[in-house]
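Examination of the molecular architecture
What follows is each chain in one-letter form.
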Amino acid sequence: MTAYAMTEKVHIKACHLTLAYDDFIVQQDLNFKIMRGDIFIIMGGSGCGKSTLLRHLIGLNHPATGQILFDDIDLCTATPELRNKILFSMGVLFQSGALFSSMTLAENVCLALSASSAVKLTLQEMRELASFKLALVGLKGFEDYYPNEISGGMRKRAGIARAIALDPQILFFDEPSAGLDPISAKLLDDLILELRDNLGTTIVVVTHELASIFAIGNHSIFLDEESKTIIASGNPTDLRNHCDNRKVQRFLTRDLADKKHHGSGTCFDNDLSNS
Amino acid sequence: MQQALLKLEHPSTQICCYRLEGDWTIQSDFPKNKVIESALETGTQAQTICFNVDALTSWDSRLLIFLQKIIELARDHSVELDLDGLPSGVLDLLKISQTVEERFDARRNHQHEPFLQRLGVWVLDIIASCRQAMTFVGEFVICLMNWLRGKSKFKAQDFFTHLHDCGPKAFGIVALISVLVGLIFAFVGAVQLRMFGAEIYVANLVGLGMFREMGAMMTAVIMSGRTGASYAAQLGAMQANGEIDALQTMGISPMDYLVLPRTLALILVIPLLCIYADLLGIFGGFLVGIFMLDLMPIEYINQTIGALSLNHFFVGIFKAFVFGFLIAFAGCFRGLHSGTSASAVGSATTSAVVTAIILVVIADAILTVIYNALEI
């Protein structure tokens, strides 16, 4: 029995979202809901706009049209106070880790803590908390190392420690297991599940690692590069077993041969011209 | 290594058979372009193209690109292709290269743009860049106001680190340049003034020149290359590494956290460096006065003190203050708007120095006109 109980409450909602860089449309008419406590997977082939969608979700880019609502608040139009409140409630692990290279690992984590005016910790307490978070990701004792002194996998884990510094309600992971060995990737998956189960954190993961997708995801959307929108959504395992869309099938089964399944997946078989 | 040979066989008028002989590898000698082109031309006239590889001793990607060309030609001219004679490895590799079709919009269009279009794009880029710069200045002012009202904060330690980097560490280079500028000033002046027997006025020339103009100007030029470039490179590298994005998602404004401490440090340090440069420049002139013009040290010093007033001093200091802001602005602005590649960080650094020097010279000209109008 876990402390976490699924609450059917919408945490993040995207309405008619269009993502674009100037005139180039990356994805359009995206509609989805992420429930509180979900582990929500954004998947799709390379270059389909997964990371772009993530950048929009975390407020780094503004949607060309449509809205992203966090508990019914739009990050783009929110007042600076509300915006900061939402930002402090989220943690982000970037693809490269994006640690501050001029700071030690402990300082990286402490920066996240000192950024929020709501945090009332002494410097000593912050340092202890940073050590604890680093211990959570298996980096006990590495507090005073600089990012360029540790391996790529360790940098990624340190990035997670920084992302979870403020015990955020939402965690965004961009390709968390890319570049990790299978054991580290498995440990990372376990950590993600633990965070959700124990803290009830909503977790959004951009990935195309099939093992992770099936191990942790309980909801997902599949972005298609060609039709520039979502072509399937639902539980990843259900999609694998029941979705008729050949692209989704091929992706989830790593099989170029077509298999026909008949069942009830929420997928939209709208583009098979190239299949 | 045998030479690669291409021969044509015509079993019938409708069938064109290419006979490939020798080593078709990237190390072997290859038939001349003319031979290949005429052979391909003949192939397009036939109905079917086939291959004879009995005398082919070895092959690599060289053969594959040749075959690819033939496949494309055959497709364009609706010629049938009989690939059966080719080694199975060749067929497999060709098949793999064609498994994923070319995306219809993937290829870049390298059309030559007309001059007016390029001019238009250039002007639009400049306008966009100006707008970005104005936004940046606006955001900085808001950030400064917030800081003055105690609403935004940065790490005091960062501020002192920057202060140390752009202050004491620049003493050496500023000293060297200033003394030399003072020397040159005095030298050039001495040659002219000697004709009138007015060597003593070298002290006025050097003193006024350094205080009003060259002290601030030379410090600004040095600091553009030293600190402005360093700011742009630091922030550009942070941008390339995704650190700026990370800051934003942590709810920390890069303006508060990165730009403000750097700018404040530079604004504070440059006027002080300017005083230092003024004094050393005068010292340079003093050396020329004493050793070349045989003036008495006390005479030179008294003449300098007499020529200078607090007005002249503050004229230079105010300029230095403005230059400090402009250099920090150019460095931080170019750094924060840098691209994410290594060459983009390089360009950001270059353009930070160029922008800073241009801004400094323009500001100097404007300030000089204003001082003149105000009769300061």
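Residues numbered from 1 in each chain as written. Chains lettered and ligands numbered in written order. Predicted model: local features only at pLDDT ≥ 70, side-chain atom pairs only at ≥ 80, totals over all residues. Heavy atoms only, no water.

1. Describing the nonpolar core
Membership of the largest hydrophobic core comes to 136 residues, with the highest contact counts inside it found for Phe32(A), Leu53(A) and Phe172(A). Ranked by the residues each element gives to this core, the list is headed by helix α9 (residues 254-291) of chain B, at 14 residues. If near-sequence neighbours (up to four positions away) are discounted, Phe172(A) is found in contact with Ile12(A), Leu54(A), Leu57(A), Ile58(A), Phe70(A), Met90(A), Gly91(A), Val92(A), Leu93(A) and Val204(A). (Core = buried A, V, L, I, M, F, W, Y, C linked by side-chain atoms within 4.5 Å. Buried < 20%, exposed > 50% of the residue type's maximum accessible area, 1.4 Å probe, protein only. Helix = DSSP H or I, 4+ residues; strand = E, 2+ residues; numbered from the N terminus. Contact = heavy atoms within 4.5 Å.)

2. What to know about the interface of chain A and chain B
The interface of chain A with chain B comprises 21 residues on the first partner and 15 residues on the second. Between chain A and chain B the total buried area reaches about 1500 Å² when both faces are included, carbon and sulfur atoms providing 60% of it. When the buried area of chain A at its contact with chain B is split by residue, Leu60(A), Phe100(A) and Leu111(A) rank highest and sum to 27% of it. If you look at where chain A meets chain B, you find one salt bridge. In this structure, Arg55(A) and Asp245(B) form a salt bridge, with 2.7 Å as the shortest nitrogen-oxygen distance. Our enumeration of links across chain A and chain B arrives at three residue pairs in polar contact (both at pLDDT 80 or more). Mapped onto the side of chain A that touches chain B, the elements with two or more residues apiece are α2 (80-88) and α3 (105-115) of chain A. With five residues, α3(A) is the single largest residue contributor to the side of chain A that touches chain B. (Buried area = accessible area lost by both parts, 1.4 Å probe. Salt bridge = Lys/Arg side-chain N within 4 Å of Asp/Glu carboxyl O. Polar contact = N/O pair within 3.5 Å; in protein donor to acceptor, adjacent residues only side chain to side chain.)

3. Examining unusual backbone geometry
In this structure, His16(A) takes a positive phi of about 45 degrees despite not being glycine. Assignment of secondary structure puts His16(A) in strand β1 (residues 10-21). Here the phi dihedral of Ser78(B) falls at roughly 50 degrees; this positive angle occurs in a residue that is not glycine. Along the chain, Ser78(B) turns up in the loop between α2 (61-76) and β5 (80-82).

4. Some details on the state of the cysteines
Counted under the stated rule, the structure contains zero disulfides over all chains. Left unpaired, Cys130(B) is separated from the closest cysteine sulfur, that of Cys332(B), by 19 Å. (Disulfide = S-S within 2.5 Å.)

5. Quick look at the sheet that holds strand β2 (residues 24-35) of chain A
All names here are of chain A. On the basis of which strands lie adjacent, the open sheet formed by four strands has the order β2-β1-β4-β5 and antiparallel pairing. Pairing within the sheet leaves two strands with one partner each, and these edge strands are β2 and β5 (73-74). Docked against the sheet, helix α1 (residues 50-57) engages β1, β2 and β4 (65-70), running at close to 120 degrees with respect to β1. (Pairing = 2+ DSSP bridges. Axes fitted to C-alpha atoms, helices over the stretch in contact; angles between N-to-C directions.)

6. A few points about the environment of Phe159(B)
Residue and element names in this part refer to chain B. Within the fold, Phe159 resides in helix α5 (residues 156-166). Owing to a relative accessible area of 16%, Phe159 belongs among the buried residues under this scheme. Phe159 has contacts with Phe154, Pro261, Leu264, Ala265 and Leu268, leaving out every residue within four places of it along the chain.

7. As for the domain arrangement of chain B
Many descriptions give the size of an interface as the accessible area lost when the pieces come together. Taken domain by domain, chain B comprises domain 1 (5-106) and domain 2 (153-374). For domain 1 of chain B versus domain 2 of chain B, the separation of C-alpha centres amounts to 67 Å. (Domains from an automatic or database assignment.)

8. As for the confidence of the model for chain B
Averaged over all residues, the pLDDT of chain B equals 91, while 99% of them reach at least 70. In the predicted complex, the global pTM is 0.81; the interface-specific ipTM is 0.80. (pLDDT = per-residue confidence, 0-100.)

9. Things to note about the domain arrangement of chain A
Residues and elements named next belong to chain A. In terms of domain boundaries, chain A breaks down into domain 1 (10-89 + 170-273) and domain 2 (99-167). Using only C-alpha atoms to locate each centre, domain 1 and domain 2 end up separated by 27 Å. Taken together, the contact between domain 1 and domain 2 spans 11 residues of the former and 11 residues of the latter. Between domain 1 and domain 2 the total buried area reaches about 870 Å² when both faces are included, carbon and sulfur atoms providing 77% of it. Where domain 1 packs against domain 2, one counts zero salt bridges. Here domain 1 and domain 2 share two residue pairs in polar contact (both at pLDDT 80 or more) between them. Elements represented by at least two residues in the side of domain 1 that touches domain 2 include exactly β7 (170-174) and α6 (182-199). Broken down by element, the residue count for the side of domain 1 that touches domain 2 peaks at four residues, all from α6.

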